[in-house]
Every structure is written in structure tokens, then in C-alpha cells.
Amino acid sequence: MEHPENSKEYKGLTVNSGVAQPSSVNPYLAQRKRVRRRQFTAGEFVEGIVKGDVTVLSQAVTLVESVKPEHQALAQEVIEKCLPYSGNSVRIGISGVPGAGKSTSIDEFGLHVLKRGGKLAVLAIDPSSERSKGSILGDKTRMEKLSVHPDSFIRPSPSAGSLGGVARKTRETIILCEAAGFDKIFVETVGVGQSETAVHSMVDFFLLIQLAGTGDELQGIKRGIMEMADGIIINKADGNNIEKAKLAAAHFRNALHLFPAPESGWTPQVLTYSGFYAIGIKEIWDMVYQYIDFVKANGYFDYRRNEQAKYWMYETINEHLRDSFYHNPEVAVMLAEQEKEVLAGRATSFVAARKLLDIYMNKR
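About the criteria used
- Residues numbered from 1 in each chain as written.
- Predicted model: local features only at pLDDT ≥ 70, side-chain atom pairs only at ≥ 80, totals over all residues.
- Heavy atoms only, no water.
- 1 Å grid on protein atoms, 1.4 Å probe; cavity = no way out; pocket = protein on both sides within 12 Å on 5 of 7 lines; lining within 4 Å.
- Points joined across faces, edges and corners; volume = space filled by probe spheres on them.
- Helix = DSSP H or I, 4+ residues; strand = E, 2+ residues; numbered from the N terminus.
- Nonpolar A, V, L, I, M, F, W, Y, C, P; charged D, E, K, R; others polar.
- Phe/Tyr/Trp six-rings, centres within 6.5 Å; stacked < 30°, edge-to-face > 60°.
- Lys NZ or Arg CZ within 6 Å of the ring centre and 35° of its normal.
- Buried < 20%, exposed > 50% of the residue type's maximum accessible area, 1.4 Å probe, protein only.
- Pairing = 2+ DSSP bridges.
- Patch = residues over 30% accessible without salt bridge, like charges linked within 9 Å, V, L, I, M, F, W, Y side chains within 5 Å.
- Areas by Shrake-Rupley, 256 points an atom, 1.4 Å probe, with all protein chains shown as cover.
- Salt bridge = Lys/Arg side-chain N within 4 Å of Asp/Glu carboxyl O.
- Core = buried A, V, L, I, M, F, W, Y, C linked by side-chain atoms within 4.5 Å.
- Contact = heavy atoms within 4.5 Å.
- pLDDT = per-residue confidence, 0-100.

Glancing now at empty space enclosed by the protein. For the structure on display, the rule yields one cavity of 30 Å³ or more. Here the largest cavity is characterised by a volume of approximately 40 Å³. At the level of secondary structure, the elements contributing two or more residues to the lining of the largest cavity comprise strand S2 (120-126), strand S3 (152-158) and helix H5 (163-179). A per-element tally of the lining of the largest cavity places S2 first, with three residues. Looking at the lining of the largest cavity residue by residue, the classes come out as three nonpolar, three polar and two charged.

So this is what it looks like as C-alpha cells:
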């Protein structure tokens, strides 16, 4: 476009046209061929995992978390071939209310247990947004020391609205990590109810992190999670909070007396510590190792693992039945119709559910 300033009526004034602007599209884009990463075979996955290759392990975990049927089939083949190399770790479940300091504590716990040698894998379940379905997956940012440790592997996983599904995938990830030579596994939970039950069914020791000033012992009893805890620890016992932490520990000890004795024969202990200042970490892990020795001696360790394997067999059956039901074409058609009937008040939820189940059962 010609500049109006170059018109004859403006004597002695000239404006240059300037430099031609380059195209906004990269001219080399068409020349670049998109190189797709070659998919490993099941044998290659297993070979890399057993060698302790963390990159291959990460890809295998991604495969396990995938919802694509072809990925699931390959993942199951990899898990099956890794089974003979698994089972040689101590699995610790770590839970607590949001803000209790789980990630910060795991950073210190991990450094402490790695001093004894071996390798540590941290599997963190991160809650997903109900609206966007996304997760921050930022637990590694609070594990500054472990994230750069050569003998640690940290893997956050999104809950994606299905705690049961993620828990199953976490259990499968445990098998892969054990096959890769990780002899200590930490499983950090979301910290909200249902996930604790699922994680409890895949670990050897369930550690509950609490804070001082969260309620009296009656509140502690009302939280069913205390029944699952093999050890309770009160975090942030430092500075002016030490006395409050000791009082909270006394409350929790009183609450534990009201529960029936655990099957393991172990009496859960209540300890105080400071994750931020790394105070009392040794006492906590002395308790954990004492528990492991105790249950291995009385046979409860193997019994619990067998019960967990049985539990996950039934959980897998339930999950496959649910998926089969919702992927049934006739059920999918009737589902929308029955939903309208329920919303219009022409049918109860139970009658609509029974009709859908009858259709599913009759078409099997």
C-alpha cells in the first residue's frame, strides 16, 4: 500500500515502503516429517524394566494408565511377564487430610529409608477436577530432594474421577516398579475417604498423618480411616505447636483404645514429628520396621498380601462387569430413555435400574 505522504502535494517528504514482512507460517514446516516413537513390544518393555531403565518403566506406566483397548492388552501382557520379578518390596501407604504435609514428609521419609540402601518408588494419586477433568500433578515440586535423588522414582497419577480405576492401575504400577528393582514403595493418597480404602488394600503398612487441633478423640473415631491405620503420626510438632501436638497424640491414643484389636495383633502407635524440620523421622521408621518384622514373624504379612490379591480379583470382575454393562449398545439406547422417565417422575430409580439390568441380562 502506497504511503499518502509520498503524494506530490507534500514536497520534500518521502516515506520508504519498509521491509517486507515474512510469512507467519514456518516455510520449513512441510519439510519436517513427524517422527513417531516406535512402540515397544511386550518383551522389550519387560527387558527394559528388569534392567531398571526408568525411561522404559515410565512408558510402561503410561501404557497401564491408557484407556485404549490395544494399550490395555499390551499392558496386561507386560504386567503378567513382570509378575515373577515382583513382590520383593515393602509397600507403605501414606495418607492424611489435605495440608497435613504428606508430600513434604515423604521427601524426608524417602531420604531416611534410602540411607539404608535400595531404591524407592513414590506413587502419588492426584485428585482431578470434576469440571475440567485435569490434574496439577505437582507433587514432585514439593519433593525437592527426592526428585533429584538417583535411587528414587516419583510418579504422580490423576484420579480422573475414578478412584477405584486409579487404585487398580496403581497396584499394577507397583508390580512394574518392583520388577524394576524398587524395594520400597510409597503410595500417597488423595486424602479423601474412598481412596484410603483402596490404597489400604495394596500396602503392607498404612501410615496416617494428622495435625494438632483438628478435633477431639470423638472426631477421630468418626473417621473410619483410623481403623485402617497401622501407625498414626502428628505432623508439625515444632515451635509453639509442640504441646498441642502432644495433646493431640494423647487424644488419638485414647481413641484407638475404643477400636477392636487389629487382625495383625499389632497395637497401632501414635508419634509426633516435624516433617519441615526433619525431627522425629527416625522414630517413625523404627516403628515401621518393627511392624514389618512383627507381622512377618507371625505370618500376617503373607496372609494380608494373599487377601489383597483376592480383593483385587473381585474388584477387577466388578470393573469389567460395569464396563460391559455401559458399553452394551441396547443398554446405551435404553439408558437415555429410562433417565427421562426418572427425571419426569414416571418411574423410580430402582424400577428404571431393574429394567436396564433385565435388558442386559437377557441379551448376554
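Next up on the list: unusual backbone geometry. Despite not being glycine, Lys 236 has its phi angle at roughly 65 degrees, a positive value. Within the secondary structure layout, Lys 236 lies in the loop between strand S6 (231-235) and helix H9 (242-256). The phi dihedral of Ala 278 is positive, around 55 degrees, even though this residue is not glycine. Structurally, Ala 278 is set in the loop between strand S7 (269-272) and helix H10 (281-298).

Attention shifts here to the packing of aromatic side chains. Centre distance and the angle of the planes are the two values used to describe a pair of aromatic rings. A complete count under the given rule lists 14 aromatic pairs for this structure. On the numbers, 5.2 Å between centres and 90 degrees between planes, the contact of Tyr 311 with Trp 312 is edge-to-face. Put simply, the rings of Phe 109, Phe 186, Tyr 273, Trp 285 and Tyr 289 touch in pairs and so form one group of aromatic residues. For Arg 116, the ring lying beneath its charged end belongs to Tyr 289, and the centroid distance is 3.8 Å.

Right, let's talk about the pairing of strand S5 (residues 205-211) for a bit. The buried count for S5 comes to seven of seven residues, which makes it a mostly enclosed element. Along S5, one buried face is formed by Phe 205, Leu 207, Ile 209 and Leu 211 and the opposite face, lined by Phe 206, Leu 208 and Gln 210, is buried too. Relative to S5, strand S1 (residues 90-96) is paired through five bridges, and the arrangement is parallel. In the sheet register, Ile 92 faces S5, and the bridge partner there is Phe 205. Where S5 and S6 come together, five bridges link them in parallel fashion. Looking at S6, one finds that Leu 207 is bridged to Gly 231.

Glancing now at a nonpolar patch on the surface. Side chains of Met 313, Tyr 314, Ile 317 and Leu 321 sit close together on the surface and give an oily, nonpolar patch of about 400 Å² of accessible area. Within the secondary structure, Leu 321 is located in helix H11 (residues 300-326).

Counting residues in hydrophobic clusters, the biggest one holds 50 residues, and the most contacted among them are Ile 49, Leu 176 and Ile 234. Those residues in contact with Ile 49 that sit more than four places away from it in its chain are Val 56, Leu 57, Ala 60, Val 78, Cys 82, Leu 176, Ala 179 and Ala 180. Core analysis: the second largest hydrophobic core is formed by 31 residues, Ala 100, Ile 154, Val 288 and Ile 292 among them.

In this section: the side chain of Lys 184. Its location among the elements puts Lys 184 in strand S4 (residues 184-188). Each residue touching Lys 184, except ones within four places of it in the same chain, is listed here: Ser 89, Val 90, Val 113, Gly 117, Gly 118, Lys 119, Leu 120 and Ala 121.

Taken over all residues, the pLDDT of the protein has a mean of 83, while the share at 70 or more is 81%. Here residues 128-137 scores under 50 on pLDDT; set against residues more than four positions off or in separate chains, the count is 19 contacts.

This brings us to the environment of Ile 49. Residue placement: Ile 49 occurs in helix H1 (residues 42-50). Relative accessible area serves as the criterion here: at 0%, Ile 49 is assigned to the buried category.

Another aspect to go through is the pattern of salt bridges. A full pass over the atoms with the stated rule returns 12 salt bridges. The partner of Lys 184 in a salt bridge is Asp 183, and the shortest N-O contact between them spans 3.4 Å. A relative accessible area of 13% places Lys 184 in the buried class. Accessibility expressed as a relative area gives 28% for Asp 183, which makes it partly exposed.

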